[in-house]
Amino acid sequence: MVTFTSLLGATALLAGGGLAAQLTRVDYPNNATSKAQMYVYVPDRVVTNPPLVVVLHSCQSSAQSYFQNSKIPWRQGSDRKGYITVWPSSPNSGTCWDVSSRRSLSHNGGGDSQAIANMILYALDRYKADRSRVYVTGGSSGGMMSNVLAATYPELISAVSLYSGVPAGCFLSSSGQVAAWNNTCSGGQSRASAEQWGNVVRNMYPGYTGPRPKMQIWHGSTDGTLAPANYQETIKQWTNVFGVSQTPTSSLKNYPERNYQTDNYGEFVQGIYATGVGHSVPANLTASEQWFGL
Ligand SMILES: *[C@@H]1O[C@H](CO)[C@@H](O)[C@H](O)[C@H]1NC(C)=O
Ligand SMILES: *[C@@H]1O[C@H](CO)[C@@H](O)[C@H](O)[C@H]1NC(C)=O
Ligand SMILES: *[C@@H]1O[C@H](CO)[C@@H](O)[C@H](O)[C@H]1NC(C)=O
């Protein structure tokens, strides 16, 4: 009798919509030294030629726990709008992304950035996704890696929306350590001119002259983990790369939230500074999707 009842229950469950979409680990062709893992979420209803959003977790996290984190809204966005999300998972101890070794700070240098680029290439192929709509987002270590990916694989990415990171190259390890912490940068003491920061980006992919992803940069004014000075340094970096002034072309106070300020530097760089917000700024799905054009 018990068996019969359980069977009925199982049948009812399946009849009520089948197996719902879930985060799935995927094997991908990976010629990088980094063995970062790839997870993918394909929603139940996918649009044809879907956009891809790559969501990069923070330290002490993973693809699975970031996916399940109620403050990380990208699963809901995917369910609502039918785009696919790719969730890379860090192979490093402490699970920070490697944004410190030359390997990861170079185009095809073999580090985590190359592994993630390989995931993007595979996802485009396997899910017939739209090459012109590949987006990257992440918080904290994932925000740092978003900057690094924009610098190392600009040809793959259309737009980036990053929360509470540091400029690309700011976490450099002079001894070449993988996923090292850099106190000078985290403390806000890595200061350079816009030209120098721009050179850091250009030197990660020498000779590249194609299009680059447009950058949306969020940071909190009371960030005690990655000092707020990193916000201005990141703005300096990307305004230089796009060859635009560090003076905003337009500003909006109390937007997109109260005590946040949005500064536009032409159409490719946008900064959002959150007064009174610490580490890290909570992701705003609507605002990031708008930046991506989703
Ligand atoms: C690895 O794969 C990428 C993408 O297909 C390719 O451009 C690159 O030359 C390959 N080899 C190395 C050593 O990076
Ligand atoms: C920390 O990063 C800065 C660049 O932001 C670099 O000049 C410095 O050498 C790095 N420190 C260490 C210990 O690697
Ligand atoms: C997120 O940003 C949108 C504008 O893009 C804004 O309308 C909304 O209030 C913000 N969300 C929250 C939770 O503040």
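Calculation rules
For every chain, the first residue of the written sequence is number 1, and numbering continues from 1 onward in sequence order. Here every chain gets a letter starting at A, and every ligand a number starting at 1, in the order they are written. Predicted model: local features are reported for residues with pLDDT of at least 70 only, side-chain atom pairs are reported and counted for 80 or more only, and whole-chain, interface and lining totals are derived from all residues. To obtain the side-chain values, all non-hydrogen atoms of the structure were used and water was disregarded. UniProt positions are given in the numbering used here, feature names are shortened, and annotations may be inferred rather than shown by experiment. For the purposes of this entry, the term helix denotes a DSSP run of H or I that reaches at least four residues, the term strand denotes a run of E that reaches at least two, and both are numbered from the N terminus. Each radius of gyration reported is based on C-alpha atoms, and the globular scaling rule is 2.2 Å times the count of residues to the power 0.38. Residue exposure (1.4 Å probe, protein chains only): buried if accessible area is under 20% of the type maximum, exposed if over 50%, otherwise partly exposed. Should any heavy atoms of two residues lie within 4.5 Å, those residues are considered in contact. Reported accessibility uses the Shrake-Rupley method at a 1.4 Å probe radius. Residues are deemed covered only where the shown protein chains occlude them. Pairing of aromatic rings covers Phe, Tyr and Trp, the last counted by its six-membered ring, and requires centre-to-centre distances within 6.5 Å; plane angles under 30 degrees mean stacked, over 60 mean edge-to-face, and any other angle means tilted. To sit over a ring, a charge needs its Lys NZ or Arg CZ within 6 Å of the ring centre and within 35 degrees of the ring normal. For two strands to pair, DSSP has to find at least two bridges joining them. The convention used is that axes are lines fitted to C-alpha atoms, helices contributing only their stretch in contact, and that angles between N-to-C directions extend from 0 to 180 degrees. Definition used for salt bridges: Asp or Glu carboxyl oxygen within 4 Å of a side-chain nitrogen of Lys or Arg. Two cysteine sulfurs form what is called a disulfide whenever their separation falls within 2.5 Å. The nearness test applies per residue and asks whether one of its heavy atoms lies within 4 Å of the molecule or strand. Polar contacts here mean pairs of N or O atoms no more than 3.5 Å apart (in protein, one a potential hydrogen donor and the other a potential acceptor; neighbouring residues in sequence count only if both atoms are side-chain atoms). The classification used treats Ala, Val, Leu, Ile, Met, Phe, Trp, Tyr, Cys and Pro as nonpolar, Asp, Glu, Lys and Arg as charged, and all other residues, Gly among them, as polar.

- For the chain, an unreviewed UniProt entry supplies the name Carboxylic ester hydrolase and the organism Canariomyces notabilis.
- Entered under Sequence similarities (unreviewed entry) in the UniProt record, the comment concerning the chain runs "Belongs to the carbohydrate esterase 1 (CE1) family."
- Recorded in UniProt for the chain, the comment headed Function (unreviewed entry) runs: "Esterase involved in the hydrolysis of xylan, a major structural heterogeneous polysaccharide found in plant biomass representing the second most abundant polysaccharide in the biosphere, after cellulose."

**A short note on the overall build of the chain**
Next, step 1: Looking only at helices and strands, one finds nine helices and ten strands in the chain.
Next, step 2: Taken over the C-alpha trace, the chain has a radius of gyration of 20 Å; the compact-globule value for 294 residues is 19 Å, and the two agree within 12%.
Next, step 3: Taken along its principal axes, the extent of the C-alpha atoms in the chain is 75 × 45 × 35 Å.
Next, step 4: Of all 294 residues assigned to the chain, the portion counted as buried reaches 55%.
Next, step 5: For the chain, the share of sequence-separated contacts (at least 6 apart) that also reach a separation of at least 24 residues comes to 71%.
Next, step 6: Carbon and sulfur atoms form 51% of the exposed surface of the chain, whose accessible area is close to 12900 Å².

**Topic: the packing of aromatic side chains**
Next, step 1: All chains considered together, the criterion is met by eleven aromatic pairs.
Next, step 2: Between Trp218 and Tyr260 the ring centres are 6.3 Å apart and the planes differ by 80 degrees, which places this aromatic pair in the edge-to-face class. Of this pair, Trp218 sits in strand β7 (residues 214-220) while Tyr260 sits in strand β9 (residues 260-265); the two residues are 42 residues apart in sequence, bridging distant segments of the chain.
Next, step 3: Taking relative accessible area as the criterion, Trp218 reaches 1% and is therefore assigned buried.
Next, step 4: Feature note: the residues Trp74, Tyr83, Tyr135 and Phe292 constitute an aromatic cluster, connected by ring pairs.
Next, step 5: The ring of Trp291 carries the charged tip of Lys214 above its face, separated from the ring centre by 4.2 Å.

**A look at the sheet that holds strand β10 (residues 269-274)**
Next, step 1: On the basis of which strands lie adjacent, the open sheet formed by ten strands has the order β1-β2-β4-β3-β5-β6-β7-β10-β9-β8 and mixed pairing. Strand pairing shows two members of the sheet lacking a second neighbour, β1 (23-26) and β8 (250-253), which therefore form its edges. Strand-to-strand twist of the sheet, defined as the mean angle between neighbouring strand axes without regard to direction, takes the value 20 degrees.
Next, step 2: Taken strand by strand, helix α4 (residues 112-126) contacts β1, β2 (37-41), β3 (52-56), β4 (84-89) and β5 (134-139), and its axis lies near 150 degrees from that of β3.
Next, step 3: Relative to the sheet, helix α9 (residues 285-292) contacts β3, β5, β6 (159-163), β7 and β10, its axis offset from that of β6 by approximately 155 degrees.

**Points about the pattern of salt bridges**
Next, step 1: According to the stated counting rule, one finds five salt bridges in the structure shown.
Next, step 2: Asp130 serves as the salt-bridge partner of Arg133, at 2.9 Å between the closest nitrogen and oxygen.
Next, step 3: Looking at Arg133, the relative accessible area reads 28%, which means it is partly exposed.

**What to know about the state of the cysteines**
Next, step 1: Tallying each qualifying case throughout the model produces two disulfides.
Next, step 2: Here the chain pairs its bonded cysteines, counted in sequence order, in the arrangement 1-2, 3-4.

**What to know about the pairing of β5**
Next, step 1: Counting buried positions along β5 yields six of six residues, so the element is predominantly enclosed.
Next, step 2: Side-chain alternation along β5 places Val134, Val136 and Gly138 on one buried face and Tyr135, Thr137 and Gly139 on a second face that is also buried.
Next, step 3: Taken together, the five bridges between β3 and β5 define a ladder with parallel strand orientation. In the strand pairing of β5, Val55 is matched with Thr137.
Next, step 4: Bridge count for β5 against β6 is five bridges, and the pairing is parallel.

**Considering the site of ligand 1**
Next, step 1: Around ligand 1, a shell composed of Asn31, Asn108, Gln114 and Leu121 is seen.
Next, step 2: Between ligand 1 and Asn31, the relevant distance is 2.4 Å, taken from an oxygen atom to a side-chain nitrogen or oxygen of the residue.
Next, step 3: The contact in question runs from an oxygen atom of ligand 1 to an N or O atom on the side chain of Gln114, over 3.0 Å.
Next, step 4: Across the complex, the protein chains shield 41% of the 360 Å² of accessible surface that ligand 1 would expose by itself.
Next, step 5: Here the shell around ligand 1 is built from residues that sort into one nonpolar, three polar and no charged.

**Section: the environment of Asn240**
Next, step 1: Note on placement: Asn240 falls in helix α8 (residues 229-241).
Next, step 2: Exposure remark for Asn240: the relative accessible area of 17% places this residue in the buried category.
Next, step 3: Distance from Asn240 to Asp112, taken between C-alpha atoms, is 25 Å for residues 128 residues apart in sequence.
Next, step 4: Non-local contacts of Asn240, meaning those with residues more than four positions away in its chain, are made with Ala194, Glu195, Gly198 and Arg202.

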